[in-house]
Amino acid sequence: MSDLFQEQLQALRAQSLHRKLREIGSAQGPEIEIVGRQLANFSSNDYLGLANDPLLRKAATVAIKKFGVGAGASRLVSGTQSPHVALENALTKWKRTPAALVFSSGYAAAVGTLPALASKHDVIILDKLSHASLIDGARLSGATIRVFPHNHLGKLESHLEWAQRELPEARLIVVTESVFSMDGDQAPLGELVELKKRFDAVLVLDEAHAIGVLGPNGRGLAAELGLEREVDVQLGTLSKALGVSGGYICGSRALIDWLINRARSFIFSTAPPPALAAAATAAIEFLASAEGENRRLLLWKRIVRLHAELPAAEAAKGTANSAIVPWIVGDEQRALDLARALQGEGLLVPAIRYPTVAKGAARLRITVSAAHTDAQIAQLGGALRRLTATGYGWDAAEPRKSGVGT
Ligand SMILES: *Cc1c(COP(=O)(O)O)cnc(C)c1O
């Protein structure tokens, strides 16, 4: 048995696809410690620098004093404690939806919700670059799955036409992200809403990387575009810009009631620790405050600064849509080499490879936070420009592969 794994692991190494864990000896933040060395951290989704914020730490500590550490049981058995209720109230107020439900992670929210929405008689249509949790949730549902090339509205439309024609009784569910996790670009939400209305489909929008970044008080892309009411199922996570842990669904009361009764990752899993619920509530209240909005605007200053620091070829690729900048190099080993070179300069920028992105679409994924200093961003920019100039980056003449539509 162990030989079998050795062989498989060797195959991964041969393709530069082997992954290993690295131990971080410090709290999360713009600077972290790896094996005794300080690195500027451009790898985290802690976009607002809340993961180690005193406000959140205090909320968690106060809750531990009263509620201890474990939730003891599933929410439906005896695990719903006051911090869980307070968190869902804070979510409904902030997101302006009638109801909300918290899961132990964003992953759990996705794999619990999609099978509750669709059965084998239904059709789920996903953007090609949808997060693994959405794909897994769609598969678990047993529904017919169709995938459209990234942000390709024409292909989505033809899938919807096909489903309406061939499976007139089926519920049609369109699933996409508002900000794509590995590319940092946005979905054309206005057009998606038009389509979903025309075909009477249910729209599930994963706002994992838009929350805290886009929209008034960080309410996400739907809020930025005034389309919150048009999105039937708003999915998000408490573990990225909100700095804590857990996932949520916001939507109608009937939707939430249905999920309480049908979402297996909610029903058959112990409730999140009450202290984490309390910390997440503090994060939401912060985001909803004027101070939180200032933090979000500070993040945008950092994003603009980072774009100004990029090598010219990257900067020319477009405007900043999020806190994520993909530096697509294609070859897996090249991405690893670049990440290693940056680490040598005191910069943590992760190489992202298959299966997180398509084969041959490996990249460095740079994420910026409100907590970064201009000096840290300038240091990263200097290193990226130097690597590009010395040919460590891709060769501009070489065709660049992309994960889009493949
Ligand atoms: C991270 C992520 C999730 C999962 O959220 P967790 O809270 O980390 O489990 C879901 N969807 C997208 C798009 C993500 O990037």
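Residues numbered from 1 in each chain as written. Predicted model: local features only at pLDDT ≥ 70, side-chain atom pairs only at ≥ 80, totals over all residues. Heavy atoms only, no water.

(A) Broad picture of the site of the ligand. If you check the shell around the ligand, you find 14 residues, and the closest are D206, H209, T237, S239 and K240. Contact with the protein chains hides 86% of the accessible area of the ligand, taken as 380 Å² for the molecule alone. Classifying every residue of the shell around the ligand gives 2 nonpolar, 9 polar and 3 charged. (Near = heavy atom within 4 Å. Areas by Shrake-Rupley, 256 points an atom, 1.4 Å probe, with all protein chains shown as cover. Nonpolar A, V, L, I, M, F, W, Y, C, P; charged D, E, K, R; others polar.)

(B) Here's a closer look at the pairing of strand β1 (residues 31-34). Side chains of β1 alternate between two faces, with I32 and I34 buried and E31 and E33 left unburied. Two strands pair when backbone bridges link them, and β1 and strand β2 (residues 37-41) are joined in this way by 4 bridges, in the antiparallel orientation. By the bridge assignment, E31 is partnered in β2 with A40. Hairpin remark: β1 followed by β2, antiparallel, with 2 residues in the connecting loop; positive phi at V35, about 35 degrees. (Buried < 20%, exposed > 50% of the residue type's maximum accessible area, 1.4 Å probe, protein only. Helix = DSSP H or I, 4+ residues; strand = E, 2+ residues; numbered from the N terminus. Pairing = 2+ DSSP bridges.)

(C) View of the packing of helix α7 (residues 153-166) against helix α8 (residues 189-198). At a minimum axis separation of 11 Å, α7 and α8 run at an interaxial angle of 10 degrees. Overall, the two elements α7 and α8 adopt an arrangement that is roughly parallel. Contact residues: L153, L156, E157 and L160 in α7; E191, L192, L195 and R198 in α8. (Axes fitted to C-alpha atoms, helices over the stretch in contact; angles between N-to-C directions. Parallel < 35°, antiparallel > 145°, perpendicular 65-115°, else oblique. Contact = heavy atoms within 4.5 Å.)

(D) Looking closely at the domain arrangement of the chain. Examined at the domain level, the chain breaks down into domain 1 (17-46 + 290-389) and domain 2 (54-287). Spacing between the C-alpha centres of domain 1 and domain 2 amounts to 26 Å. On the domain 2 side, the residues contacting the 20 residues of domain 1 number 21 residues. Summed over both sides, the interface of domain 1 with domain 2 buries roughly 1,500 Å², with 56% coming from carbon and sulfur. When the buried surface of domain 1 facing domain 2 is broken down by residue, N45, R296 and N321 rank first, second and third, together holding 30% of it. Across the domain 1-domain 2 interface, the total number found is 1 salt bridge. Ionic pairing is found between R363 and D183, a salt bridge with its closest N-O pair at 3.0 Å. Summed over the shared surface of domain 1 and domain 2, the number is 11 residue pairs in polar contact (both at pLDDT 80 or more). (Domains from an automatic or database assignment. Buried area = accessible area lost by both parts, 1.4 Å probe. Salt bridge = Lys/Arg side-chain N within 4 Å of Asp/Glu carboxyl O. Polar contact = N/O pair within 3.5 Å; in protein donor to acceptor, adjacent residues only side chain to side chain.)

(E) Highlighting helix α5 (residues 106-117). For α5, spanning 12 residues, the distance from its first C-alpha to its last is 16 Å, which sits close to the expected 16 Å at 1.5 Å a residue. Those residues of α5 not exposed but buried are G106, A108, A109, A110, V111, G112, T113, L114, A116 and L117. (Expected span 1.5 Å × (residues − 1).)

(F) Structural detail: helix α16 (residues 374-389). Compared with an ideal rise of 1.5 Å per residue, which puts 16 residues at 22 Å, α16 spans 22 Å between its outermost C-alpha atoms and is within 8% of the ideal. Every buried residue belonging to α16 is among Q376, I377, L380, G381, G382, A383, L384 and L387, and all of these are buried. One or two steps after α16, the chain reaches G391, where phi turns positive at roughly 80 degrees.

(G) Up close: the packing of aromatic side chains. Across all of its chains, the model carries 1 aromatic pair by this definition. Geometrically, the ring pair formed by F103 and F266 is edge-to-face, given 5.8 Å between the ring centres and 65 degrees between the ring planes. Separated by 163 residues along the polypeptide, F103 in strand β3 (residues 99-103) and F266 in helix α11 (residues 264-267) bring together distant segments of the chain. For F103, a relative accessible area of 1% puts it in the buried group. Above the plane of the ring of W162 lies R146, whose end atom (NZ or CZ) is 4.1 Å from the centre. For the cation-ring pair, K359 lies above Y354, with the distance from its terminal atom to the ring centre recorded as 4.5 Å. (Phe/Tyr/Trp six-rings, centres within 6.5 Å; stacked < 30°, edge-to-face > 60°. Lys NZ or Arg CZ within 6 Å of the ring centre and 35° of its normal.)

(H) Representation of the sheet that holds strand β10 (residues 324-330) in the model. The antiparallel open sheet is built from 3 strands, whose spatial order is β10-β13-β12. At either end of the open sheet lies a strand with only one pairing partner, and these are β10 and β12 (351-352). With 2 bridges joining them, β12 and strand β13 (residues 362-367) adopt antiparallel strand pairing. Note on β13: the bridge partner recorded for A351 is L364.

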